[in-house]
Amino acid sequence: MAIVPNHRWRLPLSSPVEIQNLIRETRVAPLIALLLYQRGCRTPEAVKEFLNPSPAWLNKPDTLPDIGIATERIITAIDRKEPLLVYGDYDVDGVCGTALLVSVLKSLGGKVYYYLPHRESEGYGLSSGGLEFALLNNIRLIITNDCGSNDIAVIKRAQSEGVDVIVTDHHETGPEYPPAVAFVNPKRMDSGYPFPELAGVGVAFKLAWSLLAASGRKKEELVSLLDLVGLGTLADVVPLIGENRIIARFGLVALSRSKRPGIRALIETSGLRGKNLSTRDVNFILAPRLNAAGRVGHARMALKLLLTESFEEAIGLAERLEELNRFRQKMEEAILAEAIGEVEKRRLDEERVIVLARRGWSVGVVGIVAARLVERFWRPAIVISLEEEIGKGSGRSINNFNLYQALRATQGYLVTFGGHRYAAGLKIRPEMLEPFTRAINEFARGLPDEIFEPTLHIEAVIDLEEIDENFLRFFAQFEPFGPDNPEPVFVSKGVEVVGYPRRVGREHLKFKVRANSAVFPAIAWKRSSDLLNLQVGKPGHLDICYTVKTDYFKGRKSVQLNILDLATQQ
C-alpha cells in the first residue's frame, strides 16, 4: 500500500539572485545561505549577528518604562530596611524570575519574602491571598514578576492599604494600566524599549541589571543569573529572536555549567549530567519537572529547589519533583484521552477552535492537554476545568492564529483573560461557554482557510549528502530553536530504506535511509502503522519530510532525522 502524507507540504519560494549575492558576500554554503535568507538575514552584517550572537548586543534596561522609578524605590526600601515581597507566577518563567529577584535583592542586603499563588485555589495573577500575606508581615512593597499587568482591582486595594506595588511583567496589557508605583512591561503602548518580546524572567533580569548597576556591583553578578533567565525564557515559549535568542543561547551554556545546587540536582535526577543541554532538554525534560510542582502540588517546591544552597536538600527536592511529574503525566494522559474522545464524538475538529470544558479536570494540566490537542488536530484549543461558579481554562494556538487577540475580541463572554499569541489563560462562567464557543469560532472563520490546514513549511529540498560536517558545523549556530526561529524542515525525495525497520514504543517507526553514499538513522513519530508499507532496498521509494537532530554526549556526536511526514513515490 502507498504511504500517504498527513500534512500539506508547502515548498519554499526562492529568491535566487539575493541568495547568490549572500553566498558571494559571506562565503557560506548555498543551503546555509538559503536558511539564513529565510530568517531575514539579507546582509553580511545580519548573517554575522545571527551566527555569532553576543551578550554585548543585549539592550540596556534604561529604556524600559518606569525602570528608573522601580530601581529607586527598591534601593530606598533596602536602605530603610523595609521588608520586600517578591510575588511571582507558578509556571517556570515566574518561578525562575522570582528566584532571580529574591537572590539579587538578598545579595543587596534586602529583607526579602516571596509568595507564589496556588494554581487551583488562587489562580493566575496578584491574589488577595498574596496581599493578605504582605499585610500580615508588615510589608509595604510588593514586586510582581510575570504577572500584574491586569490585576487592577487588587493593586488598588493594596494602594488603599498603604502598600506600594511594582509590576514587572511581559503579558499583553489592557487599555487601563495598573495603579502601580512602577509598571515595568516592554509591551506597554508607550514603551520605548526596542524589544517587546522578553519573557517575564527577562524583565526580572533587566530589573536586576538596573539594581546591580545602580549599586555599583560587578558584571559577574549579572552573568551568574544567565542560568535562571535562560531556563525561564526557553520554557515560556516566547519568540526566540533578538534578545531572547541571545539570552537562550548563553543561558543554555550557563545551565550546563551552573553551580546552583538546585539546577545541578535537577540535571542529575533528569539523567542529563555531562550533556551540553539543548532547547529540547529544557522544554521536554527540565521544565516539565519544575512545572509539575505548580500543576499537581505547589510551585514553592520548585522555587525552593532553585533557591537552596544545599546540594543534599536540592537532590531531595528534585527527586520529589520527579515523583510529581510522573503523577502529572498519568493525570494528563487520562484527561487527554477523555478530551480526544469528546472531540471525536462531537466532531469538534471540524470547528475552527476547539473549546472543551468538564468538571473534575485538574486546572493544573489543562494547558498541557490543550497543547496536545493542538498537535493532534491542528486547531487552536482551549481546555477548561469547571468549578461551581467559575471555569478556569488554558489555551494553546497554531501558527498565524493570535490567541490573545481572539480572546480580546470575545472578552465580553469572559470574566478575565491574559497571555500572549501562543498561550493564554481565562476564567469563564459556565453559562457563557456556549456563546463564547460560538463567538471565538466566528472570529476564527474570518481568517484564511489555509491557517487551519495541517501544513509543514519546508525550508529546502535537499539531497541527504548535503548533510555533511560543514553543514552540521553551521547548523549548530542556528540554535537554540523555538518560536520565530523554528527547526528547519527539509524534504529529501526518492530515498532508499535500508536495514531493518522496526516499531519502537507503541506508535513510532525506526529505520535507516540512504541516498548514494549518505546513510542516516530516522524515526517517524506515530507512524508505526506504516511499518509494512516500507519497501527495504528499493531506490527512489520514499519522500521524507524531517528535521535534523544532532546530539553531543561525552564528546560523541550523533545525527538522526526526525521524520515529520513521509510519502511513497507515485
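To keep things clear, this report deals only with the structure shown in the data block. (Residues numbered from 1 in each chain as written. Predicted model: local features only at pLDDT ≥ 70, side-chain atom pairs only at ≥ 80, totals over all residues. Heavy atoms only, no water.)

Quick word on the pairing of strand 4 (residues 141-145)
Worth spelling out the cut-off: To sort residues, take the accessible area from a 1.4 Å probe on protein chains only and compare it with the maximum for the residue type: under 20% means buried, over 50% means exposed, and anything in between is partly exposed. Note on conventions: DSSP H or I runs of at least 4 residues are helices, E runs of at least 2 residues are strands, and numbering of each starts at the N terminus. Here, any two strands with at least 2 DSSP bridges between them count as paired.
Strand 4 sits mainly inside the fold: five of its five residues count as buried. Neither face of strand 4 is open: one carries Leu 141, Ile 143 and Asn 145, the other Ile 142 and Thr 144, and all of them are buried. Bridging between strand 2 (residues 83-88) and strand 4 involves four bridges; their strand directions are parallel. The residue of strand 4 that forms the bridge with Val 86 is Ile 143.

Structural notes on helix 14 (residues 300-307)
For clarity, the threshold we go by: Whether two residues are in contact is decided by their heavy atoms, any of which lying within 4.5 Å being enough.
Of all the positions in helix 14, only Met 301, Ala 302, Leu 303, Leu 305 and Leu 306 are classed as buried. Its buried side turned inward, helix 14 meets helix 5 (92-107), strand 3 (111-115), helix 10 (226-235), helix 12 (261-269), helix 13 (279-296) and helix 15 (311-346).

Looking at the environment of Val 181
Checked against the element boundaries, Val 181 lands in the loop between strand 5 (164-168) and strand 6 (182-184). Distance from Val 181 to Leu 58, taken between C-alpha atoms, is 26 Å for residues 123 residues apart in sequence. When sequence neighbours within four positions are dropped, the list of residues in contact with Val 181 reads Ile 69, Arg 73, Asp 164 and Val 165.

Considerations on the pairing of strand 2
With six of its six residues buried, strand 2 lies for the most part within the structure. Side chains Pro 83, Leu 85 and Tyr 87 project from strand 2 onto one buried face, and the interleaved Leu 84, Val 86 and Gly 88 project onto a second face that is buried too. In this sheet, strand 3 lies alongside strand 2 in parallel orientation, the contact comprising five bridges. Paired with Tyr 87 across the bridge in strand 3 is Tyr 115.

Considerations on the sheet that holds strand 11 (residues 423-428)
Test applied: Axes here refer to lines fitted to C-alpha atoms; in helices the fit is confined to the stretch in contact. Angles between the N-to-C directions go from 0 to 180 degrees.
Here we have five strands laid out as an open sheet, ordered 7-8-9-11-10, and mixed in their pairing. A strand with exactly one partner marks an edge of an open sheet, and here the two such strands are strand 7 (354-359) and strand 10 (416-419). Neighbour-to-neighbour, the strand axes of the sheet open up by a mean angle of 15°, direction not taken into account. Relative to strand 11, strand 10 runs antiparallel, the two being bridged by four bridges. Directly across from Phe 417, in strand 11, lies its bridge partner Leu 426. Across the sheet, helix 16 (residues 366-377) is in contact with strand 7, strand 8 (381-386) and strand 9 (391-396); its angle to strand 9 comes to roughly 40°.

Looking at the packing of aromatic side chains
Heads up, the rule is: Any pair of Phe, Tyr and Trp rings, taking the six-membered ring for Trp, is counted once the centres come within 6.5 Å. Such a pair is stacked with planes under 30 degrees apart, edge-to-face with planes over 60 apart, and tilted for the rest. Two thresholds decide whether a charge sits over a ring: the Lys NZ or Arg CZ must be within 6 Å of the ring centre and within 35 degrees of the ring normal.
For the structure on display, the rule yields 14 aromatic pairs. Aromatic side chains Phe 401 and Phe 443 sit 6.2 Å apart centroid to centroid with 85° between the ring planes, which places their arrangement in the edge-to-face category. One end of the pair, Phe 401, is in the loop between strand 9 and helix 17 (403-409); the other, Phe 443, is in helix 18 (residues 433-445), with 42 residues separating them in the sequence. The exposure class assigned to Phe 443 is partly exposed, which follows from its relative accessible area of 28%. The rings of Phe 50, Phe 471, Phe 475, Phe 478, Phe 481, Phe 490 and Tyr 546 are connected pair by pair, giving a single aromatic cluster. The lysine or arginine in question, Arg 42, covers the ring of Tyr 37, its NZ or CZ lying 3.7 Å from the ring centre. The side chain of Arg 245 reaches across the aromatic face of Phe 50, ending 3.8 Å from its centre.

Some details on unusual backbone geometry
Of note, the bond from Glu 479 into Pro 480 is cis; its omega dihedral lies within 30 degrees of zero at 0°. Considering the arrangement of structural elements, one finds Pro 480 in the loop between helix 19 (469-475) and strand 14 (490-504). Although it is not a glycine, Asn 138 sits at a positive phi angle of roughly 55°. Structurally, the position occupied by Asn 138 is in the loop between helix 6 (128-136) and strand 4. Positive phi is not limited to glycine here, since Lys 526 has a value of about 60°.

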